[in-house]
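# Residue-level structure breakdown
Each chain, letter by letter, is given below.
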Amino acid sequence: MESLVTPIYVALIAILMAVLSSQTAMARRRNRIALGDEGNAELVLASRRFGNLIEYAPIMLLLLFFMELQGIASVWLHLYGAVFVLLRIIHAISLFGTLKVPEWKRIGRTISAGGTMLMLLIGAAVNLIAALG
């Protein structure tokens with residue numbers, strides 16, 4: 001029996017979640033803010049990095065899982081999962097909170113946000129075509 005692909009990407013996303021949530025916790029501790037963000041720029045960014053991942057990870061992992069159930073070839077599943085993980089890492093690194101930022105961060109955020117939207121549409125289309133076809 002061939003092993004499943006989806007658990008690999010669930011695990012990678014869980015690791016990324018652990019890293020980003022620990023950064024948020026450390027920012028809370030450093031700034032002595034237990035609830036909310038009190039307008040603290042460091043905490044706002046740390047929270048958004050984690051929040052942006054959490055906004056997209058559940059649906060992307062479900063799309064991947066259902067593609068796997070539909071029998072999509074593992075090479076395509078790995079490509080889909082790896083691109084999503086990479087886009088979310090790029091997004092976390094390039095997220096910014098001020099208007100004065102390096103151009104590479106603007107480019108990184110544009111690529112990661114646009115790429116994630118494209119991945120959502122691809123996942124939705126593949127699942128619809130496989131389910132209806």
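Before going into details, it helps to say that this report is about the structure given with it. Since the model is a prediction, treat every value here as computed from it, not as a measurement.

Quick look at the overall build of the chain now. In terms of helices and strands, the chain carries 4 helices and 0 strands. Starting at the N terminus and ending at the C terminus, the chain contains elements arranged as α-α-α-α. Seen along its three principal axes, the alpha-carbon backbone of the chain occupies a region of about 50 × 30 × 20 Å. Burial status across the chain gives 34% buried among its 133 residues. Residue pairs at least 24 apart in sequence account for 64% of intrachain contacts in the chain once pairs closer than 6 positions are excluded.

Attention now goes to the side chain of serine 112. Mapped onto the elements of the fold, serine 112 is located in helix α4 (residues 103-132). Under the relative-accessibility criterion, serine 112 is labelled buried at 0%. Not counting the four nearest positions on each side in its chain, serine 112 is found in contact with Leu87, Arg88, Ile90, His91 and Ser94.

Along its 30 residues, α4 runs 43 Å from first to last C-alpha, staying within 8% of the 44 Å computed at 1.5 Å per residue. Among all positions in α4, only Lys105, Gly108, Ser112, Gly115, Thr116, Met119, Gly123 and Asn127 are buried. At its buried positions, α4 is contacted by α2 (41-69) and α3 (74-94).

Turning next to α2. For α2, built from 29 residues, the straight-helix expectation of 42 Å at 1.5 Å per residue is met to within 8% by its first-to-last C-alpha distance of 42 Å. Roughly 35° is the biggest bend found in α2, and it falls at alanine 57, with proline proline 58 one to four residues downstream. At the C-terminal side of α2, glycine 71 shows a positive phi close to 90°.

This next bit is on the environment of arginine 88. Within the element layout of this structure, arginine 88 appears in helix α3. With a relative accessible area of 4%, arginine 88 lands in the buried category. With 24 residues separating them in the primary sequence, arginine 88 and serine 112 have C-alpha atoms 6.6 Å apart.

To continue, consider the nonpolar core. In terms of nonpolar packing, the biggest core is built from 20 residues, with Tyr9, Ile13, Leu53, Met60, Tyr80 and Phe84 touching the most fellow members. Listed by contribution, the elements that provide at least two residues to this core are α1 (6-31), α2 and α3.

Once that is clear, we can look at a nonpolar patch on the surface. Where nonpolar side chains cluster on the molecular surface, the patch consists of Ile59, Leu62, Phe65, Phe66 and Leu69 and spans about 460 Å² of accessible area. Considering the arrangement of structural elements, one finds leucine 69 in helix α2. A relative accessible area of 58% places leucine 69 in the exposed class.

As a further point, take the environment of methionine 119. Residue placement: methionine 119 occurs in helix α4. Measuring from C-alpha to C-alpha, the distance between methionine 119 and glycine 81 comes to 9.6 Å, with 38 residues separating the pair along the chain. Excluding residues within four positions of it along the chain, methionine 119 makes contact with Met60, Tyr80, Val83, Phe84 and Leu87.

Let us look at unusual backbone geometry. A positive phi angle, close to 55°, is found at arginine 32, a residue other than glycine. Among the secondary structure elements, arginine 32 is positioned in the loop between α1 and α2. Taking the relative accessible area as the measure of exposure, arginine 32 reaches 78% and is therefore exposed. Although it is not a glycine, glutamate 38 sits at a positive phi angle of roughly 50°.

Rules behind the numbers
The residue numbering used here restarts from 1 in each chain and proceeds along that chain's sequence as written. Owing to the predicted nature of the model, reporting of local features is limited to residues with pLDDT of at least 70; listing and counting of side-chain atom pairs is limited to 80 or more, with chain, interface and lining totals taken over all residues. Based on all heavy atoms of the structure, the side-chain values leave hydrogens and waters out of the count. Each helix is a run of DSSP H or I of at least 4 residues and each strand a run of E of at least 2, with the numbering of both proceeding from the N terminus. We call a residue buried when its accessible area falls under 20% of the maximum for its residue type, exposed when it is over 50%, and partly exposed in between, using a 1.4 Å probe and counting protein chains only. Contacts: residue pairs with any heavy atoms within 4.5 Å of one another. Expected helix span is computed as 1.5 Å times (number of residues minus one). Think of it this way: the bend at a residue is just the angle between two axes, each fitted to seven residues, one set ending at that residue and the other starting at it. Buried Ala, Val, Leu, Ile, Met, Phe, Trp, Tyr and Cys residues form a nonpolar core when they are joined through side-chain atoms within 4.5 Å. Without a salt bridge and with relative accessible area above 30%, a residue can belong to a patch; like charges are then joined within 9 Å and nonpolar side chains (Val, Leu, Ile, Met, Phe, Trp, Tyr) within 5 Å. The protein chains shown are the only cover counted for residues, whose accessible areas, like all others here, come from Shrake-Rupley with a 1.4 Å probe. By definition, a salt bridge exists where a carboxyl oxygen of Asp or Glu is found within 4 Å of a side-chain nitrogen of Lys or Arg.

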